[in-house]
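Report on the structure
This is what each chain is made of:
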Amino acid sequence: MTPQHTPYERFRANLATAMDLLDLAPAERKSLEEPKNIHRKAIDVAMDDGTKRTFDAFRVQYNDARGPYKGGIRFHPLADEDEVKALAALMAIKTAVAGIPMGGAKGGVQCNPKELSRKELEAVSRAYIRAFADHVGEDIDVPAPDVNTTPQVMAWMRDEYEKAKRTYAPAMITGKPMAYGGSVGRDTATARGGFFILDEYVRSQGLKPEKLRVAIQGFGNAGATMAAFLHEAGYTVAAVSDSKGGIFRERGIDPKRVAEIKAQTGSVAGETDGGRAVTNEELLELPCDILIPAALDNVINGGNAGNIRARTVLELANGPTTPEADAVLEGKGVTVIPDVLANAGGVTVSYFEWCQGRSGEQWTADEVDTKLRRTMLESFRAVREEAAKRKISHRMAAFVVGVGRIVETMKARGWM
Ligand code: NAD
């Protein structure tokens, strides 16, 4: 496979291997190769200067055999249908690996939120949900935040949906603010889920957290929260970075202090505290035991995979490792815990939010944490068993588990 392949072609390559391993018949394979629905609309928005602008918006629904479609909505100038298709498909794999009763979808609006006023952003959010009101809903398709969309955007969308449908619909969207149907623990869920898996893996290998150095690329929601959990559990967080660069301090950094520095200077690289500044490229190749990409896709690629020194890579970001890098890392015996497993904590707590919206209950932080831990460890166990049984990578094992579960349900429903 060459690096020029599009995200959806990459997904198709992994899907094809998983379907070979599952021995699916040609007709069965066909029903998984393309999304079930691709909805496209041009949405009109009134701008502050009195003009009207039209934005391209879409919602890709890949598979809903196991339950309502589930996946975020991104606002981005380059929101591109091929990428959204791949993300929708990966959501279906992720929800199936997590064992939650939901499918996979993703949406987008081609716009630059940095150029929009708050009022215009609200207008785009409301126009999006009006355009797709018949295709979303608590039993149909449940959106969530993604790149550049926030709990506030989810609140506008829920409000608009409730007005349009003249209904009360707390479970039609997740990632909402606490004041309007959100769940406790959603903000830390992705890192928390990744932490449970990593800690389980470390202990199962007979390793000691206090002897392990971790490098984390990205200090946003996923990366900064993960740094705090690891520090608290006794790991040595030796390197962190953001878009402006990073720091490496062999003896470890205090994530709380780094967060303060970032708040004051705008970057984690504001003060090295006896360590040294590193670029984002250097961070990936540092002498650490565990590497956690938590920012962008494709950062571990054919160009640098040979230089990675960590023995374990935990993918909190979506798609940080290219297929070329996967092959190199596998050859070196590096364990990659893949995105569809490692960052599934976010969608899992989104599912908990949906459950709470449907039942009218409000779970405590302890309840969410206990249920999240159980879900993550159970999916990790299934993936590890599959990997050991078939002697395949954790990424391929996660695909086999996810695709296998979707196929099982499709067969039970008579869809295959
Ligand atoms: P975020 O916007 O909160 O943080 C992103 C971080 O990456 C920031 O610190 C930013 O400075 C940094 N960054 C940007 N460009 C960079 C560069 N060139 N080099 C290094 N760092 C750079 O985003 P997030 O919510 O933490 O998401 C991070 C990744 O995790 C994404 O791939 C996202 O899809 C994935 N993810 C997040 C969630 C979630 O619930 N937040 C769930 C699943 C997956």
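What comes next concerns the included structure. (Residues numbered from 1 in each chain as written. Predicted model: local features only at pLDDT ≥ 70, side-chain atom pairs only at ≥ 80, totals over all residues. Heavy atoms only, no water.)

For the rest of this paragraph, the subject is the nonpolar core. Core analysis: the biggest nonpolar cluster contains 86 residues, and Leu-32, Ile-216, Met-226, Leu-230 and Ile-292 have the highest contact counts within it. Setting aside anything within four residues of it in sequence, one finds Leu-230 in contact with Phe-195, Leu-198, Val-214, Ile-216, Tyr-235, Val-237 and Ile-292. By size, the runner-up hydrophobic cluster in this structure holds 27 residues, among which are Val-109, Ala-127, Trp-156 and Met-172. (Core = buried A, V, L, I, M, F, W, Y, C linked by side-chain atoms within 4.5 Å. Buried < 20%, exposed > 50% of the residue type's maximum accessible area, 1.4 Å probe, protein only. Contact = heavy atoms within 4.5 Å.)

For the rest of this paragraph, the subject is the site of the ligand. With respect to spatial proximity, 18 residues lie near the ligand, and among them Thr-190, Phe-219, Asn-221, Ala-222 and Asn-280 are the closest. In the model, an oxygen atom of the ligand is placed 2.9 Å from a nitrogen or oxygen of the Asn-221 main chain. For the ligand, an oxygen atom lies 3.0 Å from a polar atom in the side chain of Asn-318. The protein chains hide 69% of the 830 Å² of surface that the ligand would expose on its own. A per-class count over the shell around the ligand returns seven nonpolar, nine polar and two charged. (Near = heavy atom within 4 Å. Polar contact = N/O pair within 3.5 Å; in protein donor to acceptor, adjacent residues only side chain to side chain. Areas by Shrake-Rupley, 256 points an atom, 1.4 Å probe, with all protein chains shown as cover. Nonpolar A, V, L, I, M, F, W, Y, C, P; charged D, E, K, R; others polar.)

Taken as a whole and judged by the stated rule, the model has 35 salt bridges. As a salt-bridge pair, Asp-141 and Arg-59 come within 2.7 Å of each other at their nearest N and O atoms. Of this pair, Asp-141 sits in strand E5 (residues 141–145) while Arg-59 sits in strand E2 (residues 52–63), and the two are 82 residues apart along the sequence. Of the two residues, Asp-141 and Arg-59, neither departs from the other in class, the shared state being buried. Here Arg-395 makes a salt bridge to Asp-326, at a shortest N to O gap of 2.6 Å. (Salt bridge = Lys/Arg side-chain N within 4 Å of Asp/Glu carboxyl O. Helix = DSSP H or I, 4+ residues; strand = E, 2+ residues; numbered from the N terminus.)

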